[in-house]
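# Chain and residue survey
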Amino acid sequence: MIVKKPLQFVVHFFFIAVFMMVALISQAHAQGKVVGIISVDWEGRVLDEKNLAAMKSFREDYPHIGLLHFLNAAYYTKPNADSFEVSQKIKQVLRNNDEHGLHVHAWRSLVEYANVTFRRSPNWSYPGPISLNSCHTTGDCGANVPISAYTTDELKDIISVSKQILINNGFNQPVSFRAGGWMAEPNVIAALSAEGFLFDSSATAPELLKGRRWSNRLYNWLNGLWTTITPVSQPYLIGPMSSPLWEIPDNGILADYITGPEMLAVLKQNIEKWRQDPQQTIYVSIGFHQETAAKYLHRIRDAVDLFEAYAEEQQVPFEWVQLPLSPSTF
């Protein structure tokens, strides 16, 4: 029998301890979880105090939740827009644990600011081209024209200008994107890839929108575009092979069209998917519009409370996403 010397024994024990620690860390890292994402679509229409006040109140009540803001440069291109005032209004509801993404609707002021010819059709509200009356009465129009109506090169110009406007006004360079109306056709994805974006969150579950809008036109388009997306769809790579993006499905859609209990139903479906393989990480995305926060943000409040209570009750490892997003996360 060979007796180890004290020093040899200590060294031997040390390496065993290190090995066990590494194994435990690896096991903990491999343990999956359910991650919630809350996004905000800034439509570029108007910055009303009632909606900003609702957002401020939410931030005060839920400081532990970072928001993925899809900001819109069109606030700055409106006729007579005051850049300082616009920035002040937006920044009052931002926090350090947020991410600054980009949201683009085909507003005439933004399109023409990018030196692109404005298109009046198609639009998801009614057949035929949009009326220019709204441009004359409100100073802008075109938000209901899908950005996919523009060519890839035109979109690159619109997206590039939008990014620069936001950066010039003190926001972080956006690498996450959502198309207005979730309408990100392949030409939109190609333009995003060319402009250096890493994430898109335009994919959505059409079944959750059926019959929930004033017009079925957008639902029909989305049903053709995102045919395979469901409430349990998970992040996947999309776009050109040379520089793909992570597509992060908006699988719980936005509060204008779904209630807190209905969002909880989506969470439960995703928890069931997680239970099939507890080592995987599952993402659930919900959100709201800045322009309708006063009316619908209470549904996100309901969802947050329901999500956290249900996860605790079911002993599910649930957390809110850490922002900004990183490709290494997926």
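What you see is a predicted model; the values in this text were computed from it and never measured.

Of the pockets and cavities examined, the largest pocket occupies roughly 830 Å³. Forming the boundary of the largest pocket are 44 residues, of which Glu43, Arg45, Trp107, Ala143 and Glu291 lie nearest the centre. Contributions of two or more residues to the lining of the largest pocket are made by α4 (83-91), α6 (133-138) and β4 (176-179).

Assignment of secondary structure puts His105 in the loop between β3 (99-104) and α5 (108-113). Of the polar contacts made by the side chain of His105, one reaches the side chain of Glu43; its length is 3.2 Å. Beyond its immediate chain neighbours, meaning those up to four positions away, His105 contacts Glu43, Asn72, Leu110, Trp124, Ala143, Ile147, Gly180 and Gly181.

Right, let's talk about α4 for a bit. For α4, every residue scored as buried is listed here: Val86, Ser87 and Ile90. Taken around the axis of α4, the buried residues stretch over an arc of 95°, which confines them to a single face. Looking at the buried positions of α4, the neighbouring elements they touch are β2 (68-71) and α3 (74-77).

For any pair of aromatic rings, geometry is given as the distance between the ring centres together with the angle between the planes. By the definition in use, this model includes 10 aromatic pairs. On the basis of an interplanar angle of 90° and a centroid distance of 6.4 Å, the ring pair of Trp42 and Tyr75 is categorised as edge-to-face. Linking Trp42 in the loop between β1 (33-41) and α2 (49-61) with Tyr75 in helix α3, this pair joins segments that are 33 residues apart in sequence. Taken individually, Trp42 and Tyr75 each receive the classification buried, so the pair is uniform in this respect. Judged by centre distance (5.0 Å) and plane angle (85°), the rings of Phe318 and Trp320 are edge-to-face. Assessed through its relative accessible area of 18%, Phe318 is described here as buried. The buried category is assigned to Trp320, whose relative accessible area is 7%. Among the aromatic residues, those joined into a ring-pair cluster are Phe199, Trp246, Tyr283 and Phe330. In this structure, Lys78 packs its charged tip against the face of Trp107, placed 3.5 Å from the ring centre.

Procedures and definitions
- Residues numbered from 1 in each chain as written.
- Predicted model: local features only at pLDDT ≥ 70, side-chain atom pairs only at ≥ 80, totals over all residues.
- Heavy atoms only, no water.
- 1 Å grid on protein atoms, 1.4 Å probe; cavity = no way out; pocket = protein on both sides within 12 Å on 5 of 7 lines; lining within 4 Å.
- Points joined across faces, edges and corners; volume = space filled by probe spheres on them.
- Helix = DSSP H or I, 4+ residues; strand = E, 2+ residues; numbered from the N terminus.
- Polar contact = N/O pair within 3.5 Å; in protein donor to acceptor, adjacent residues only side chain to side chain.
- Contact = heavy atoms within 4.5 Å.
- Buried < 20%, exposed > 50% of the residue type's maximum accessible area, 1.4 Å probe, protein only.
- Arc of directions from axis to C-beta.
- Phe/Tyr/Trp six-rings, centres within 6.5 Å; stacked < 30°, edge-to-face > 60°.
- Lys NZ or Arg CZ within 6 Å of the ring centre and 35° of its normal.

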